[in-house]
Amino acid sequence: MSKPSTRAEASAPKRRRADAERSIASILTAALEALASDPDASMAEIARRAGVVRATIYMHFPTREALLDAVMEYAVAQVAEATREADPTRGRPDEALERVLLATWQKLSDFHALLAINTSRLSAKELHRRHLPVMTQFAPLIERGQKSGVFRRDLPISWHLAMLRAIVHAASAEVRSGRIAESEVETAMLSTVMNALGPTRNIRT
């Protein structure tokens, strides 16, 4: 029997790596979708969504904690990339924020859904560190809007960012529940965001 060629031997590890990368990508995508809708989603449910057996998940992620860490990094990377592509530095701050939100709000919602899981298992310092790829793009946009008078200045940037996350998550939850149509949610979300971040109004107390 003839031995396999050197070229075939060299290509086998590459195929295995490519297969492993595809498997990991499928698992992370499935895990993000499952955990965004149910923080207690089981490994079996995640495996079902990914089209793999549970053993495959454990081969790449030995523990649930390891999977949660990877899913959070994956979610942050998705939001960060979508934000960069929307170019938050271009144009008026309010127009830029609308553009970025339209490009990222669904990913932001999934990211926000993971916060409850990660808040209970990670320190505030670690959570802040993991959010940096996203916050370092949104925070300068909010600051730019405050300096130009487009966004209210009497509240800190951290408050505006928290409001953005909350409104985006609420929009996603309303769509999933069927209480608002997908064709209407973006307009409702954007108008709510702009009203929340807009210049200060006189409020009687």
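Heads up: the structure comes first, above all this text.
Now for a quick tour of the structure. (Residues numbered from 1 in each chain as written. Predicted model: local features only at pLDDT ≥ 70, side-chain atom pairs only at ≥ 80, totals over all residues. Heavy atoms only, no water.)

### Brief notes about the environment of Gly 198
Rule in force here: Secondary structure elements follow DSSP: runs of H or I of four or more residues count as helices, runs of E of two or more count as strands, with numbering from the N terminus. Think of it in three bands: residues with accessible area under 20% of the maximum for their type are buried, residues over 50% are exposed, and the middle band is partly exposed, with areas taken using a 1.4 Å probe on protein chains only. Residues count as neighbours in contact if any of their non-hydrogen atoms are within 4.5 Å of one another.
Looking at the secondary structure, you find Gly 198 in the segment after helix H8 (182-197). With relative accessibility at 8%, the residue Gly 198 sits in the buried group. Residues Gly 198 and Val 76 lie 122 residues apart in sequence; the distance between their C-alpha atoms is 27 Å. Beyond its immediate chain neighbours, meaning those up to four positions away, Gly 198 contacts Val 150 and Arg 152.

### As for helix H6 (residues 124-148)
How we decide: The span you would expect from a helix comes to 1.5 Å times its residue count less one. Two axes enter the definition of the bend at a residue: one is fitted to the seven residues ending there, the other to the seven starting there, and the bend is the angle between them.
Here H6 contains 25 residues, and its C-alpha end-to-end distance of 31 Å is more than 12% below the 36 Å for a straight helix at 1.5 Å per residue. Residue Leu 132 marks the point of greatest curvature in H6, where the axis turns by about 65°; the proline Pro 133 follows within four residues. Along H6, the residues that are buried comprise Leu 127, Arg 130, His 131, Val 134, Met 135, Gln 137, Phe 138, Leu 141, Ile 142, Gly 145 and Gln 146. Looking at the buried positions of H6, the neighbouring elements they touch are helix H4 (64-86), helix H5 (93-119), helix H7 (157-177) and H8. Phi turns positive one or two residues past the end of H6, at Gly 149, with a value near 85°.

These figures capture arrangement, not role.
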